[in-house]
Amino acid sequence: MASNTAHSGTLGPILSALATMQSNVASKDKAQAHEFLEKFQKSQEAWNTTGSILQDSSTSVEARLFAATTLKGKIYVNGPRPIRTQLCICIASLAIQMPTWRNVLQMVGSAVSNSPQGLDSLLDFLRILPEEVTEGRKINLTEEQLTNRTKELLEDNSKQVLSLLVSYAQASGTNAANPRLYECIASWLREIPAVDVVNSPLLDLMFGAISSDSSFDAAIDCLCTIFKDTRDVDENKTVIQELYPRLLRLRSKVAEASGIEDNDLLKGMTRLFAEAGEAWVVLIAREPNSFRSLVDVILECCAYDKDREAISITFIFWYDLKQYLTLEKYMPARAALADLYSRLVDIMINHLQFPSPEGGDEADLFDGDREQEDKFREFRHMMGDVLKDCCEVLSPTECLNKTYHKIRAWAQTYAGQAQANSVPHWQELEAPIFAVRAMGRMINPEETSVLGEVIPLLTQVPDHDKLKFQAIMALGRYTEWTAEHPETLEVQLNYVISGFQHPSPEVVQASALAFQYLGTDCRKLLGGQIPVMHQFYESIIDKLKPNSQEEVTEGVAAVVSVQPLDKLYDTMKMFCDPVMRRIVSLAEQAKDEKSENVVADYLGLIVTFIKNVQPYVSPNEENPAVKYCKEILPALSSISKHFTRSIPILERVCRCWRYMIISYRTATVPLIGELANSIAEGFQASRQGCFLWATDAVIREYSYGAEYVDQDTSDSVFQFFGQQATVFLRILNELNPNEAPDVIEDFFRLATDAVRFYPRKTITSPLAAPMVQASLTALTLPLVDPLLATLQFLRDYLDFGFEHPPISEFTSDGGPPPKTSTEVRSAVRQVLQQLGQQIVQQTMTGLMYTFPEDCYGDASAILLTIFSLAPEAAAQWVASTLQLLPPGSLKPEEANKLMTSINEKVRQDEVRKVRAILQDFTNSYRRRNVAPREGLGRLEATRFRFAG
């Protein structure tokens, strides 16, 4: 009772004052009431009292509104910044969606401007408003309303905001150093032209703020935003002329940051200069002498960055400048700035060096900081890309020559001191070797002046793990050059092979990769070394990790592929039979996932041989590779039947079958019956999509009209497709689409090829309608790849409803006809008449709610196709879909406007414009709505049912 009395005693004067404010009384009384309420709002007791008022449903609406306003003001002005930020977002969202609120800035300003904290709140609100207007989601306005509101809130207020910010900044030194000021300026640069800011007192304050610790980052961000706004250098010439000299005056801060080892200062200054360089790069190319100082200071930032904290900020600049300097138009600038790029090469190579361990522990170069080590390794490859840029600006030979001199200088100084476990200053050798490796792609195989000196040095690099790794990797980059210089092959091959015996796993992996490239690029030079190659292969293959096994096998297979035709079968058998024996033996013993993965890895080696050994054989001769494939088909089929739940094994077996078709094409005719049976049985037993992937290769290769394929074979292959499609439809009948996304993707890629290569048989098949029905179920998936496969199937299927489908040129029964047959067009239109409503509904549902952005193009193309084939019916299907939308998500007048626009375009025979109308509508709807938590309600897709 006491508390209620106390509450009533506090609330009474408040209610009375509120009543006075709303009544027709003398101005003096209203002024007194206003003063009382204002004093109450600032009092400490207002916290508890307003909370009590809000929790008491018996109080009037006016009292609760006053309490909410009071509480909001107390939190908004003085509360923690995260809370103020969220309130700013709320107010900004309200301002956007409340067009009748005309004086937003004035009202917010007057509400918070009575204290320094209130001014910070105003700056927060001003910063957030442009962000929410341009990037905010769930805004319940039409595109036209949003455009108008954007103009009212931003464009119409830009001059007022600039004036307000200038006044605030000039009011005191504290204000000028407030980071919120510069955050606000950066946000409003979306609306305020950069020239207006540059010509205002804010520019001097902004450059001055760089010297303040509190405002340094915000001032840098703001200036970088201005630089971005001046990328159109011709339009912003006067602005750049104002900014550039001021920017150069800050150059001394780069040396200062290095002198005091202030990494944050160096990073900030590097960003400032680099982003100016990116924005004005075309001016640098046009006027290299005028802007040389900017390039020079960016280079200086790179040189001073001892800890490699800032240098990566410059990488985009060096790439952008290279893009201009390598154009014929800017050859003078290329010559004028060549010396800077030459210095850049030296700087980059120095930064490539691994650190020297403080404690002398060579096994722990980063003091146990694995994250720092990974960051450094990634960073080196980025620097390697900069070296490639330098090769294009200077010349590859000049850059390579720099690395050669560094390698030779190390060899002359330290080579004699190197021992097995101790290589002095190895970092100074490893870095230029890495640079040689990084520049490999830029060096012409016909280069004659430097590589002949570099390659012999690489094969003499000491047995230090990091040095040998880098040397072998570098040799692997120059195998095309080696193929042109056979006299260097033997010493390189011996050096690479020696790496397989190294205790470092990284060196072994590097050797496998380099061997792959040597075998591939020097296959003709190694063609006579088959016995030695076989002995080497058998000795090391079981010792390697799976990736290295595959790389070495690819190198060996390349050498096998150049064997004379009369020796090819025996050579392939020599290498593959031992692998197949391993597979069969391991398969008999495999009892768990780990042992099954080993079987899969060895199966992958057989794939590599089939993929790479592709001899040219005339149609009248037996293909020796196919002869060998025939021998291993029973073993592969048996393995697929036994391991129906091991996806790695099944995928490798299917890959073998697929590459038999891809590599040997119609030469596999003698195998096609057995092969198709194995694929069909495997899919039936396992329900894995890889069997559909293998089926697709058969469909493509043996279509009607394919060279050396008779009609009976093509007929059989289409029957094979029908069998696989029936099994798939039965699977989908039993499963939820989310349980089989990969199978769905593989099937609709297969179905797309069936439509393209067998249009008449596929489209007139009894399976056509069930496949389209299945595609609608598949469109409920949230995954990009299966959705794209399904949408592309629908597009291609529906395109055959036209007289001249876009894909008719690919294939057709008996050759590419000029027109789609009446029978095919009629079949498409019949399915469209039957399922058109569902297709439109599911496609629009996806566009409005569930499709990822990558699917929008195909989905809207389907709607266009449907409108082109059946415009009036399509319009009705769209109208029916709109009626199913959740209540309140679409205003009746908006739906009427949409349908009026669509019907008008249909009447005017401008159905292509309907696509744009629907795109605008679905974009707007998607922005304003999210999918209901309970699902899509009446838009929910029906469960797929198949009775076949």
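Since we're looking at a predicted model, the values are computed, not measured.

**Q** Please provide a residue-by-residue account of the nonpolar core, values included.
**A** In this structure, Trp 280 and Ile 902 are the most contacted members of the largest nonpolar core, which totals 312 residues. Considering each element in turn, this core owes the most residues, 12 residues, to helix H44 (residues 822-850). Those residues in contact with Ile 902 that sit more than four places away from it in its chain are Phe 867, Ala 875, Val 878, Val 914, Ile 917 and Leu 918. With 12 residues, the next largest nonpolar core counts Ile 53, Ala 63, Phe 66 and Ala 67 among its residues.

**Q** Lay out the side chain of Asp 858 in plain terms, naming residues and giving numbers.
**A** Tracing the chain through its elements places Asp 858 in helix H45 (residues 856-869). By relative accessible area, Asp 858 is classed as buried at 11%. Contacts of Asp 858, omitting those with residues within four sequence positions, involve Leu 788, Leu 791, Gln 792 and Arg 795.

**Q** Just give me the short version of the packing of aromatic side chains, but keep the residues and values in it.
**A** Tallying each qualifying case throughout the model produces 27 aromatic pairs. Considering the side-chain rings of Trp 410 and Tyr 414, the 6.0 Å spacing of their centres and the 50° angle between planes classify their relative orientation as tilted. Of this pair, Trp 410 and Tyr 414 both sit in helix H23 (residues 396-414), four residues apart, roughly one helical turn. Considered together, Trp 410 and Tyr 414 belong to a single accessibility category, that of buried residues. Here Phe 793 and Tyr 797 contribute two aromatic rings whose centre-to-centre distance is 6.1 Å and whose plane-to-plane angle is 35°, an arrangement assigned as tilted.

**Q** Describe in detail the pattern of salt bridges, supporting the description with residues and values.
**A** Where charged atoms from two side chains of opposite charge approach closely, those side chains can pair. Tallied over the full model, the rule gives 41 salt bridges. Here Asp 204 makes a salt bridge to Arg 246, at a shortest N to O gap of 2.2 Å. Here Asp 204, found in helix H13 (residues 202-209), pairs with Arg 246, found in helix H15 (residues 237-248); they are 42 residues apart in sequence, far enough to count as distant. Put simply, Arg 700 and Asp 753 hold a salt bridge, and the shortest N to O gap is 2.7 Å. Of the two residues, Arg 700 sits in helix H38 (residues 690-701) while Asp 753 sits in helix H40 (residues 741-757), which places them 53 residues apart along the sequence. In the salt-bridge network here, residues are joined through shared partners; they are Asp 221, Lys 228, Arg 271 and Glu 275.

**Q** I'd like a description of the packing of helix H20 (residues 315-325) against helix H22 (residues 370-393), backed by residues and values.
**A** The geometry of H20 relative to H22 is characterised by a closest axis approach of 9 Å and an angle of 20° between their N-to-C directions. Looking at the two axes, H20 sits roughly parallel to H22. Crossing of H20 against H22: the hand is left-handed. Contacts from Phe 315, Trp 318, Tyr 319, Lys 322 and Leu 325 in H20 reach Phe 379, Met 382, Met 383, Val 386, Asp 389, Glu 392 and Val 393 in H22. Residue composition of the contact of H20 with H22, by class: nine nonpolar, no polar and three charged.

Conventions used here
Residues numbered from 1 in each chain as written. Predicted model: local features only at pLDDT ≥ 70, side-chain atom pairs only at ≥ 80, totals over all residues. Heavy atoms only, no water. Core = buried A, V, L, I, M, F, W, Y, C linked by side-chain atoms within 4.5 Å. Buried < 20%, exposed > 50% of the residue type's maximum accessible area, 1.4 Å probe, protein only. Helix = DSSP H or I, 4+ residues; strand = E, 2+ residues; numbered from the N terminus. Contact = heavy atoms within 4.5 Å. Phe/Tyr/Trp six-rings, centres within 6.5 Å; stacked < 30°, edge-to-face > 60°. Salt bridge = Lys/Arg side-chain N within 4 Å of Asp/Glu carboxyl O. Axes fitted to C-alpha atoms, helices over the stretch in contact; angles between N-to-C directions. Parallel < 35°, antiparallel > 145°, perpendicular 65-115°, else oblique. Left-handed = near helix turned anticlockwise from the far one by under 90°. Nonpolar A, V, L, I, M, F, W, Y, C, P; charged D, E, K, R; others polar.

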